[in-house]
Amino acid sequence: RVAAPTMLAPKNTGKGQITVSWKLNTKGTGYQICYATNKSFQKSKTVRVKGGRSPSKVLKGLGKGETYYIKVRAYKSVSDQ
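Residues numbered from 1 in each chain as written. Predicted model: local features only at pLDDT ≥ 70, side-chain atom pairs only at ≥ 80, totals over all residues. Heavy atoms only, no water.

A. The side chain of Gln 32, seen in detail. Examined against the element boundaries, Gln 32 turns out to sit in strand 3 (residues 30–36). At 2.6 Å, the side chain of Gln 32 forms a polar contact with the side chain of Arg 73. (Helix = DSSP H or I, 4+ residues; strand = E, 2+ residues; numbered from the N terminus. Polar contact = N/O pair within 3.5 Å; in protein donor to acceptor, adjacent residues only side chain to side chain.)

B. Region of interest: a positive patch on the surface. Positive charge collects at one region of the surface, where Arg 48, Lys 50, Lys 71 and Arg 73 lie side by side. Contributions of two or more residues to the positive patch are made by strand 4 (45–50) and strand 6 (69–75). For Arg 73, the position within the fold is in strand 6. Residue classification places Arg 73 among the exposed positions, given a relative accessible area of 52%. (Patch = residues over 30% accessible without salt bridge, like charges linked within 9 Å, V, L, I, M, F, W, Y side chains within 5 Å. Areas by Shrake-Rupley, 256 points an atom, 1.4 Å probe, with all protein chains shown as cover. Salt bridge = Lys/Arg side-chain N within 4 Å of Asp/Glu carboxyl O. Lys, Arg positive; Asp, Glu negative; His and termini not counted. Charge placed at Lys NZ, Arg CZ, Asp CG, Glu CD. Buried < 20%, exposed > 50% of the residue type's maximum accessible area, 1.4 Å probe, protein only.)

C. Structural view of the packing of aromatic side chains. Across all of its chains, the model carries two aromatic pairs by this definition. Both rings, one in Trp 22 and one in Tyr 31, keep their centres 5.0 Å apart while their planes meet at 50°; by these two values the pair is tilted. Since its relative accessible area comes to 2%, Trp 22 is described here as buried. On the accessibility criterion, Tyr 31 (0% relative accessible area) is buried. A cation over an aromatic ring shows up here: Arg 48 above the ring of Tyr 75, its NZ or CZ 4.9 Å from the ring centre. Lys 71 extends its terminal NZ or CZ atom over the ring of Phe 41, reaching a point 4.2 Å from the ring centre. (Phe/Tyr/Trp six-rings, centres within 6.5 Å; stacked < 30°, edge-to-face > 60°. Lys NZ or Arg CZ within 6 Å of the ring centre and 35° of its normal.)

D. Seen up close, the nonpolar core. By size, the foremost hydrophobic cluster in this structure holds 13 residues, and its most contacted members are Val 20, Trp 22, Ile 33, Leu 59 and Ile 70. If you list the elements that add at least two residues to this core, you get strand 2 (17–21), strand 3, strand 4 and strand 6. The contacts of Ile 33, once residues within four sequence positions are left out, are Trp 22, Lys 45, Thr 46, Val 47, Val 49, Lys 57, Leu 59, Ile 70, Lys 71 and Val 72. (Core = buried A, V, L, I, M, F, W, Y, C linked by side-chain atoms within 4.5 Å. Contact = heavy atoms within 4.5 Å.)

E. Region of interest: the sheet that holds strand 6. Read from one edge of the open sheet, three strands run 4-3-6, paired in antiparallel fashion. The open sheet has two edge strands, strand 4 and strand 6, and neither has a second partner. Strand after strand, the sheet turns through a mean of 20° between neighbouring axes, direction not considered. Relative to strand 4, strand 3 is paired through six bridges, and the arrangement is antiparallel. Bridge assignment links Tyr 31 to a residue of strand 4, and that residue is Val 49. (Pairing = 2+ DSSP bridges. Axes fitted to C-alpha atoms, helices over the stretch in contact; angles between N-to-C directions.)

Written out as structure tokens, the structure reads:
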């Protein structure tokens, strides 16, 4: 199992964008960022960050004045799976 990365506080960069950052997980091969406008993550969107060396991602196209809930998890590919 790959340990969960520690997410840092998201930064609102304006214009419907949020920068999500986390501490690197050296055992993972990538990250999945899941975000939604409700705590239960219904109708959530998922963004994949391939490669375990990029500790941030800019989420674009977000609604102004909306509250977003964000989760980050690390994953490890084994035999291209």
